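If you want the building blocks of each chain, they are given just below.
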Amino acid sequence: MIKLADVSYVRLGTRDLEGATHFATEYLGLDVAERAKGSVYFKSDEREHTLCYFEGDPGDQVVCFEVEEQLHLDEAAAQLEALGHPVRRGTASEAALRKVHDFIAFRDPTGNPIELAWRPGYSGRRYHGARDAGITGFSHVGICSSDLARDEAFWTKVTNAQVSDRIGDAPLLRIDEVHHTIALFPSPKPGIQHINHQVETGDDIMRSHQFLKDRQVRMVFGPGRHPTSSAKFLYFEGPDGMVFEYSSGVREIADELLWRERQFMFEPKGFCKWGAKPNIAEFNK
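Residues numbered from 1 in each chain as written. Predicted model: local features only at pLDDT ≥ 70, side-chain atom pairs only at ≥ 80, totals over all residues. Heavy atoms only, no water.

1. What about the overall build of the chain?
A count of helices and strands for the chain gives six helices and 17 strands. Relative to the 2.2 N^0.38 estimate, which gives 19 Å for 285 residues, the radius of gyration of the chain is 18 Å and therefore close to what a compact globule would have. Here the C-alpha coordinates of the chain stretch approximately 45 × 45 × 35 Å along the principal axes. When burial is assessed residue by residue, the chain has 58% of its 285 residues classed as buried. (Helix = DSSP H or I, 4+ residues; strand = E, 2+ residues; numbered from the N terminus. Rg over C-alpha atoms; globule rule 2.2 N^0.38 Å. Buried < 20%, exposed > 50% of the residue type's maximum accessible area, 1.4 Å probe, protein only.)

2. Thoughts on the packing of aromatic side chains
If you walk through the whole model with that rule in mind, you get 19 aromatic pairs. Ring centres of F23 and F236 lie 6.4 Å apart, and the angle between their planes is 45 degrees; on these two criteria the pair is classed as tilted. Here F23, found in helix α1 (residues 17-27), pairs with F236, found in strand β15 (residues 232-237); they are 213 residues apart in sequence, far enough to count as distant. One exposure class covers both F23 and F236, and it is buried. Ring geometry for F221 and Y235: centres 5.5 Å apart, planes at 25 degrees, overall stacked. (Phe/Tyr/Trp six-rings, centres within 6.5 Å; stacked < 30°, edge-to-face > 60°.)

3. Some details on the environment of E48
Mapped onto the fold, E48 is located in the loop between β3 (39-43) and β4 (51-55). Assessed through its relative accessible area of 25%, E48 is described here as partly exposed. Measuring from C-alpha to C-alpha, the distance between E48 and R125 comes to 8.5 Å, with 77 residues separating the pair along the chain. If sequence neighbours within four positions are ignored, E48 has contacts with A33, K43, K99, G121, Y122 and S123. (Contact = heavy atoms within 4.5 Å.)

4. Here we look at the nonpolar core
Across soluble globular proteins, nonpolar side chains show a tendency to be buried alongside one another. Counting residues in hydrophobic clusters, the biggest one holds 72 residues, and the most contacted among them are Y53, F65, L116, W155, F221, F236 and Y246. The element that contributes the greatest number of residues to this core is α1, accounting for five residues. Those residues in contact with Y53 that sit more than four places away from it in its chain are L12, T14, L17, A20, A24, G38, S39, V40, F42, P239 and F244. Grouped together as the second largest cluster of nonpolar side chains are seven residues, Y9, C64, A95 and F103 included. (Core = buried A, V, L, I, M, F, W, Y, C linked by side-chain atoms within 4.5 Å.)

5. Thoughts on the side chain of T228
Here T228 is to be found in the loop between β14 (219-225) and β15. Classification of T228 as buried rests on a relative accessible area of 2%.

6. A short note on the sheet that holds β14
Spatially, nine strands are ordered β14-β15-β16-β13-β9-β12-β11-β10-β17 in an open sheet, and the strand pairing comes out mixed. Looking along the sheet, the strands with just one partner apiece sit at the ends: β14 and β17 (262-264). Averaged over all neighbouring strand pairs, the angle between strand axes comes to 20 degrees, with direction disregarded. As judged from the two bridges shared by strand β11 (residues 170-174) and strand β12 (residues 182-186), these two strands associate in the antiparallel manner. Directly across from L172, in β12, lies its bridge partner A183. (Pairing = 2+ DSSP bridges. Axes fitted to C-alpha atoms, helices over the stretch in contact; angles between N-to-C directions.)

7. So, unusual backbone geometry
In this model, G222 is joined to P223 through a cis peptide bond whose omega is 10 degrees. One non-glycine residue, Q216, lies in the positive phi region at around 60 degrees. Residue position: Q216 is located in the loop between α5 (202-214) and β14. What makes Q216 exposed here is its relative accessible area of 68%. Backbone geometry at S230 places phi at a positive 70 degrees, although glycine is not the residue there. Tracing the sequence through the fold places S230 in the loop between β14 and β15. Given a relative accessible area of 18%, S230 falls into the buried group.

8. Description of the environment of L17
The residue L17 is located in helix α1 in this model. Of the residues examined, L17 reaches a relative accessible area of 14% and is grouped as buried. Each C-alpha atom of the pair L17 and G38 lies 7.7 Å from the other, and the pair is 21 residues apart in sequence. When neighbours within four sequence positions are excluded, L17 is seen to be in contact with G38, S39, V40, Y53, F54 and E55.

9. Re helix α2 (residues 70-82)
The end-to-end C-alpha separation of α2 is 19 Å, in line with the 18 Å expected for 13 residues at 1.5 Å each. By the burial criterion, the buried members of α2 are H72, L73, A76, A77 and L80. When α2 is viewed along its axis, its buried side chains cluster within an angular range of 140 degrees and face the same direction. Buried-residue contacts for α2 involve β5 (61-67), β6 (88-89), β7 (102-107), β8 (113-118) and α4 (148-157). Just past α2, the residue G84 takes up positive phi, approximately 90 degrees. (Expected span 1.5 Å × (residues − 1). Arc of directions from axis to C-beta.)

Nothing here speaks to function; it is all geometry.
What follows is the structure, encoded as structure tokens:
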């Protein structure tokens, strides 16, 4: 079994790198870690970077997860190849671009590009956002799935992910005590469905709601509160249609023996206990 230690970073192609950088810093509240030719790296916590925008096709999107030992990359590559998922070993120059020591790349059953990295870089310079959004770190990703049952089986049988709860057939998957690090949602095509950053308090969410609304950023869900993870949330649209989420107060599952996954309806009340209705395609199937 492939043991995922954490979600590490996302890489997003964009045809407007300057505009994406402006959004990530002035609106989302991230910190520029480095500017390179055709790429900008952003910090949201103690890691060297958790988001990279690069010049390219907006459909070119990658999610990376950290593994704890280099040996785990070799084991993962062998297991994935045996299951029919071609694996590519990253070159030294590609690893340097990702600020990691080593990585492998493959596609999940839906076709989403996934990377597994060993020793992602941490920074001696603390995160200090361009605006005070209250961000405490990059927390989870929503991933598109063309077959939820098949993809749930992949993540729970091939990796250490476990189902915390389901909304309809959409599983929320944990890899540690945090309620979920991966969320799968129905979609006819691959892609990152949303990118989550945790913020310190519910007040931070409400301040950002007003701040972003005043700047005509498109709100697509919330403010609200998830009945699954108990987190307060706000979803909004960024460059190239990417959905970003702030959330605060996410549930932790400390006692595995006592936790039992729960079933919620795939309708607004399954997503929000306050009555907010999502304007997100993957939440309205």
